[in-house]
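# Overview (structure and organization)
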Number of protein chains: 2
Amino acid sequence: MTLALPIGSTIGIIGGGQLGRMLSVAASRLGFRCHIFEPGATPPAGQVADQVTTAAYDDEAALRAFCQSVDIITYEFENIPTAALDLLQDLAPIHPGREALRVSQDRLTEKTFLQDLGLQTAPFADITDATSLETALDEIGTPSILKTRRFGYDGKGQARIMSRDDAALALADMQGAPALLEGFVNFSHEVSVIAARSLDGAVAAFDPGENVHNDGILRTTTVPARLTASQRTDAVLLAAKIANALNYVGVMGVELFVTSSGLIVNEIAPRVHNSGHWTQNGCSVDQFEQHIRAITGWPLGDGQRYADVVMENLIGDDMNRVPELANTPDCALHLYGKAEVKPGRKMGHVNHIKRG
Amino acid sequence: MTLALPIGSTIGIIGGGQLGRMLSVAASRLGFRCHIFEPGATPPAGQVADQVTTAAYDDEAALRAFCQSVDIITYEFENIPTAALDLLQDLAPIHPGREALRVSQDRLTEKTFLQDLGLQTAPFADITDATSLETALDEIGTPSILKTRRFGYDGKGQARIMSRDDAALALADMQGAPALLEGFVNFSHEVSVIAARSLDGAVAAFDPGENVHNDGILRTTTVPARLTASQRTDAVLLAAKIANALNYVGVMGVELFVTSSGLIVNEIAPRVHNSGHWTQNGCSVDQFEQHIRAITGWPLGDGQRYADVVMENLIGDDMNRVPELANTPDCALHLYGKAEVKPGRKMGHVNHIKRG
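All residue numbers refer to position in the chain's written sequence, counted from 1. Whichever chain is written first becomes A and whichever ligand is written first becomes 1, with later ones labelled in order. Local features in this predicted model are restricted to residues of pLDDT 70 or higher, and side-chain atom pairs are both shown and tallied only at a pLDDT of 80 or more, whereas totals for entire chains, interfaces and linings draw on every residue. Values reported for side chains reflect all heavy atoms of the structure, with hydrogen atoms and water molecules removed beforehand.

The name given to chain A in an unreviewed UniProt entry is N5-carboxyaminoimidazole ribonucleotide synthase, and the organism recorded there is Marivita cryptomonadis. Quoted verbatim from the Sequence similarities (unreviewed entry) heading of the UniProt record, the comment on chain A is "Belongs to the PurK/PurT family." Per its UniProt entry, chain A bears the Subunit (unreviewed entry) comment "Homodimer." UniProt positions are given in the numbering used here, feature names are shortened, and annotations may be inferred rather than shown by experiment.

## Section: the overall build of chain A
Secondary structure elements follow DSSP: runs of H or I of four or more residues count as helices, runs of E of two or more count as strands, with numbering from the N terminus. Scanning chain A from terminus to terminus reveals 10 helices and 17 strands. Computed over its C-alpha atoms, the radius of gyration of chain A comes to 20 Å, within 12% of the 21 Å expected for a compact globule of 356 residues. When the backbone C-alpha atoms are referred to their principal axes, chain A occupies close to 60 × 50 × 45 Å. When each of the 356 residues of chain A is scored for burial, the buried share is 60%. It only takes one pair of heavy atoms within 4.5 Å for two residues to be counted as in contact. Look at the contacts in chain A between residues 6 or more apart in sequence, and 61% of them connect residues 24 or more apart. Accessible areas in this description were obtained via Shrake-Rupley with a 1.4 Å probe; residue shielding takes into account the shown protein chains only. Carbon and sulfur atoms form 49% of the exposed surface of chain A, whose accessible area is close to 13,600 Å². Throughout, radius of gyration means the C-alpha value; the globule benchmark is 2.2 Å times the number of residues raised to the power 0.38. For each residue, the accessible area found with a 1.4 Å probe, counting protein chains only, is set against the maximum for its type, and the residue is called buried under 20%, exposed over 50%, and partly exposed in between.

## A few points about the sheet that holds strand S7 (residues 158–161) of chain A
Sheet strands associate in pairs through backbone hydrogen bonding, adopting either a parallel or an antiparallel arrangement. All names here are of chain A. Strand pairing is assigned whenever DSSP detects at least two bridges linking the two strands. One open sheet holds the four strands; their spatial order is S5-S8-S6-S7, and the pairing between them is antiparallel. Each edge of the open sheet carries a strand with a single partner, namely strand S5 (124–127) and S7. Taken over all neighbouring pairs, the strand axes of this sheet differ in orientation by 25° on average, direction set aside. With four bridges connecting them, strand S6 (residues 144–148) and S7 associate as antiparallel partners. Each bridged residue has a counterpart across the sheet, and for Lys147 the counterpart in S7 is Gln158. Contacts between helix H6 (residues 130–140) and the sheet are confined to S5, S6, S7 and strand S8 (179–183), with S5 contributing the most and set at about 170° to the helix. Every angle, taken between N-to-C directions, lies between 0 and 180 degrees, and every axis is a line fitted to C-alpha atoms, over only the stretch in contact when it is a helix.

## Looking at the side chain of Gln280(A)
Residues and elements named next belong to chain A. Of note, Gln280 is situated in the loop between strand S14 (262–269) and helix H9 (287–296). Whenever a nitrogen or oxygen atom comes within 3.5 Å of another N or O atom, the pair is scored as a polar contact, on the condition that within protein one atom can donate a hydrogen and the other can accept it, and that pairs from neighbouring residues in sequence are kept only if both atoms are in side chains. Of the polar contacts made by the side chain of Gln280, one reaches the side chain of His334; its length is 3.4 Å. Ignoring sequence-local partners within four residues, the contact set of Gln280 consists of Met22, Asp286, Phe288, His334, His349 and Asn351.

## Considerations on unusual backbone geometry
With an omega dihedral of -10°, the bond running from His95(A) to Pro96(A) counts as a cis peptide bond. Checked against the element boundaries, Pro96(A) lands in the loop between helix H3 (82–89) and helix H4 (98–104). The residue Thr42(A) is not glycine, and still its phi comes out positive at about 40°. Considering the arrangement of structural elements, one finds Thr42(A) in the loop between strand S2 (33–38) and strand S3 (51–54). Although it is not a glycine, Asn247(B) sits at a positive phi angle of roughly 50°. Inspection of the secondary structure assignment puts Asn247(B) in the loop between helix H8 (229–245) and strand S13 (250–259).

## A closer look at the pattern of salt bridges
Salt bridges are defined by distance alone: a side-chain nitrogen of Lys or Arg within 4 Å of a carboxyl oxygen of Asp or Glu. Applying the stated criterion across every chain yields a total of 44 salt bridges over all chains. With a shortest N-O distance of 3.1 Å, Glu182(A) and Lys111(A) are connected by a salt bridge. Taken as a pair, Glu182(A) in strand S8 and Lys111(A) in helix H5 (residues 107–116) lie far apart in primary sequence, 71 residues in all. Summarising the burial analysis for this pair, Glu182(A) and Lys111(A) share the class buried. In this structure, the salt-bridge partner of Arg29(B) is Asp286(B), at a minimum N-O distance of 3.4 Å. Note that Arg29(B) is positioned in helix H1 (residues 18–29) and Asp286(B) in the loop between strand S14 (262–269) and helix H9 (287–296), a separation of 257 residues in sequence. Residue classification places Asp286(B) among the buried residues on the basis of a relative accessible area of 7%. A cluster of three or more residues bridged by salt bridges with shared partners is formed by Arg29(A), Asp286(A), Glu289(A) and Arg293(A).

## Points about empty space enclosed by the protein
In this analysis the probe radius is 1.4 Å and the grid spacing 1 Å, with only protein atoms considered; a cavity is a set of points the probe fits into but cannot get out of, a pocket is an open set with protein on both sides within 12 Å along at least five of seven lines, and lining residues have an atom within 4 Å of a point. Grid points are joined across faces, edges and corners, and a volume is the space filled by probe spheres set on the points. The tally for this structure, following the rule as stated, stands at one cavity of 30 Å³ or more. The space that makes up the largest cavity amounts to roughly 710 Å³. What lines the largest cavity is a set of 45 residues, and nearest its centre among them are Val25(A), Arg29(A), Gln280(A), Val25(B) and Arg29(B). Elements with a minimum of two residues in the lining of the largest cavity: helix H1 (18–29), H9 and strand S16 (331–335) of chain A together with H1, H9 and strand S16 (331–335) of chain B. Residues are grouped as follows: Ala, Val, Leu, Ile, Met, Phe, Trp, Tyr, Cys and Pro are nonpolar; Asp, Glu, Lys and Arg are charged; all remaining types, including Gly, are polar. Among the residues forming the lining of the largest cavity, the class breakdown is 24 nonpolar, 11 polar and 10 charged.

## What to know about the environment of Glu38(A)
Residues and elements named next belong to chain A. Among the secondary structure elements, Glu38 is positioned in strand S2. Residue classification places Glu38 among the buried positions, given a relative accessible area of 17%. Note: C-alpha distance between Glu38 and Arg98 (60 residues apart in sequence) is 19 Å. Once you skip the residues sitting within four places of it in the chain, Glu38 turns out to touch Gly15, Gly16, Gly17, Pro43, Thr53, Thr54 and Ala55. Here the side chain of Glu38 touches Gly40 through a polar contact of 2.8 Å, landing on its backbone nitrogen.

## Here we look at the relation of the copies chain A and chain B
When the copies are superposed, the least-squares fit draws on C-alpha atoms of residues that have pLDDT of at least 70 in both. Least-squares fitting of chain A to chain B yields an RMSD of 0.0 Å, with the transformation described by 0.0 Å of translation along the axis and a rotation of 180°. Taken together, the rotation and translation relating the two chain copies correspond to the operation of a two-fold axis. No C-alpha of chain A approaches the rotation axis more nearly than that of Val48(A), which lies at 1.9 Å. Comparing interface residues between copies, 100% of those in chain A also lie at the interface in chain B; the contact surface is shared.

## Observations regarding the interface of chain A and chain B
Opposite the 38 residues of chain A that make contact, chain B presents 38 residues. Throughout, buried area stands for the accessible area (probe radius 1.4 Å) lost by two parts on being put together, summed over both. Across the chain A to chain B interface the summed buried area is about 3,300 Å²; carbon plus sulfur atoms make up 56%. Viewed at the interface, chain B and chain A are joined by zero salt bridges. Summed over the shared surface of chain A and chain B, the number is 13 residue pairs in polar contact (both at pLDDT 80 or more).

## Digging into the packing of aromatic side chains
Classification of ring pairs rests on two measures: the distance between centres of Phe, Tyr or Trp rings, Trp counted by its six-membered ring, which must be within 6.5 Å, and the angle between planes, read as stacked under 30 degrees, edge-to-face over 60 and tilted in between. Tallied over the full model, the rule gives 13 aromatic pairs over all chains. Here Tyr306(A) and Tyr306(B) contribute two aromatic rings whose centre-to-centre distance is 5.6 Å and whose plane-to-plane angle is 25°, an arrangement assigned as stacked. On the criterion of chain membership, the pair formed by Tyr306(A) in the loop between H9 and strand S15 (308–315) and Tyr306(B) in the loop between H9 and strand S15 (308–315) is interchain, its members lying in two chains. Considered together, Tyr306(A) and Tyr306(B) belong to a single accessibility category, that of buried residues. Among the aromatic residues, ring-to-ring pairing joins Phe37(A), Tyr57(A), Phe66(A) and Phe77(A) into one connected group. In this scheme, the term charge over a ring applies when either NZ of a lysine or CZ of an arginine sits within 6 Å of the ring centre and within 35 degrees of the ring normal. The ring of Tyr306(B) has Arg355(A) sitting right over it, with the charged end atom 3.6 Å from the ring centre.

## Some details on the packing of helix H2 (residues 60–69) of chain A against H3(A)
Residue and element names in this part refer to chain A. Viewed as axis vectors pointing N to C, H2 and H3 meet at an angle of 40°, and their least axial separation amounts to 10 Å. Taken together, the axes of H2 and H3 are oblique relative to one another. In the crossing of H2 with H3, the sense of the turn from one axis to the other is right-handed. Along the contact surface, H2 presents Glu60, Leu63, Arg64, Phe66 and Cys67, while H3 presents Ala84, Leu87 and Leu88. Among the residues forming the contact of H2 with H3, the class breakdown is six nonpolar, no polar and two charged. Here the angle decides the label: under 35 degrees means roughly parallel, over 145 means roughly antiparallel, 65 to 115 means roughly perpendicular, and every other value means oblique. Crossing handedness is read from the near helix: turned anticlockwise from the far helix by less than a right angle, it gives a left-handed crossing, and turned clockwise, a right-handed one.

So, in structure tokens, the structure goes:
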């Protein structure tokens with residue numbers, strides 16, 4: 001047996017936030033070096049990476065130099081400008097590939113893709129103007145939610161429509177961006193599956209986690225999630241179906257609503273995912289190492305869960321709790337090295353571990 | 001409760017090998033940045049550190065610049081030249097402190113210190129020349145082992161004396177360096193205790209591990225070690241006694257021989273220790289994070305062991321086994337990013353995990 005990408009190779013990571021930071025640390029465990037490409041100065045990932053390029057995504061010379069220094073490219077977020085991707089993909093292999101980005105960058109494309117796969121989604125409609133919004137509201141009803149098709153995260157770019165009176169204001173909130181109306185889903189709770197697919201098509205999934213959001217931001221992920229055995233199987237098979245359909249390589253996150261009529265796919269993220277951070281203290285191989293293994297052509301690792309974990313995000317002033325958390329047993333801290341505490345900013349997370 | 005060294009502070013690490021590498025990763029989890037000072041080019045630790053200085057230990061300007069960029073200093077190996085330490089300690093706090101280095105840098109000082117504490121060591125004698133070696137052999141007998149007082153590691157600087165005929169050759173091997181004759185200890189096995197002492201004097205120890213060496217190099221550490229409950233208590237108390245006597249701050253390794261007449265201290269290492277690598281996959285807080293917590297004035301972390309682990313060093317051509325190990329369940333790889341495989345060189349380690 002050999003390994004596809006030799007030990008000592010350099011992995012380029014686009015984006016220098018906490019996901020890039022934890023990917024770089026995981027890559028180091030397998031003997032890889034990482035080179036971070038990030039427009040923002042002093043990125044968190046740069047503190048634990050071999051090289052850092054600070055440049056804009058439209059800086060062609062910087063992108064070219066970056067490619068020359070790396071053997072493969074991956075990314076920590078899905079909103080990389082298309083022109084940058086066009087340039088990069090000619091110079092180095094990129095995993096996950098363009099199809100995964102194309103689908104996940106646009107909520108309309110994503111929902112259509114999922115429906116075409118035979119999976120359940122919230123009811124949705126393409127919104128281009130007030131008229132199409134009126135028509136969509138006739139069909140989908142209220143309450144519903146208007147979302148920009150692109151560039152939304154952590155609840156940004158979203159407006160609730162509780163009654164038709166809210167429609168005009170919600171549309172104005174989109175600031176002219178292409179949008180999507182989604183019907184509300186009556187779900188009992190949300191879970192997510194962190195799945196990995198390797199270069200040779202093998203698929204592995206971590207145990208699904210149960211997510212609690214607040215103001216559109218993930219607060220906690222708990223494993224095990226409240227799921228029946230058949231729901232658990234469905235969740236994993238569904239994630240595998242998505243990964244296979246995209247010919248996906250790497251780790252992906254699939255958010256699911258649990259309803260009385262089955263699992264409904266909320267969204268997919270073509271990258272390591274906040275709801276998979278529990279794997280750092282619940283598995284021999286965590287989601288970050290699993291991603292590195294997948295994109296480098298290594299065999300997927302052993303992601304069996306060996307502990308119950310509650311992953312709690314540390315957001316903004318939650319950082320004031322760090323001294324107390326540092327003194328709590330069975331509690332693993334993961335801070336992101338961000339200089340400034342801001343409301344709503346993810347500063348770190350803590351895994352509360354309960355062993356059997 | 002507050003933390004002594006604020007999150008975001010920079011820790012200077014002297015030495016850029018695998019121990020510095022894993023210290024830097026652990027520090028990042030607590031939000032600290034690391035600056036590596038290392039004479040050798042492209043140090044393994046530099047791949048996962050915020051800053052790297054490549055300079056010799058007698059480069060005063062580089063040492064001063066290093067100190068100005070860091071808030072505290074620690075080290076990954078104990079043989080830092082005295083002149084460098086004299087310069088550094090005036091500019092930034094160094095943990096563990098000078099007393100620990102003074103004692104552990106010299107086998108004669110170390111053995112004397114341990115005896116003065118009432119602990120058992122192998123019989124030993126100071127060797128300055130052929131005459132003192134003859135006298136010592138009269139007293140200690142053969143087989144025995146001649147060791148340089150300073151700068152020995154991984155079996156280097158040692159010569160066995162199986163009979164008096166070997167004495168002259170063994171002494172010549174020392175190349176005129178101050179030496180120590182040690183009597184052989186009739187032990188059943190070797191264990192080590194990884195202990196931590198915080199700035200406020202709290203002491204914690206990981207479960208002792210059982211070590212197997214080959215050609216003077218550690219091959220495996222197994223937890224739990226074969227120890228009776230009282231031996232286990234003795235081992236931990238003894239390590240705590242040493243740490244307290246040195247007013248120690250940080251993690252230390254204490255190697256012990258298990259004999260029918262009790263535990264005999266082989267040597268102490270004022271740093272994280274190869275025999276503590278199992279903690280990365282057996283504890284919520286590993287020895288590297290424990291060291292960072294101790295030197296930064298954070299509370300010591302939860303080092304309870306939650307799994308049985310066999311840590312196996314990957315030395316030289318053992319790297320050929322990585323593809324197979326990557327495909328083995330319950331097996332966590334930790335590679336060091338060293339460019340060149342050499343016989344006897346520690347290239348990584350693997351933790352084989354067995355859960356209850």
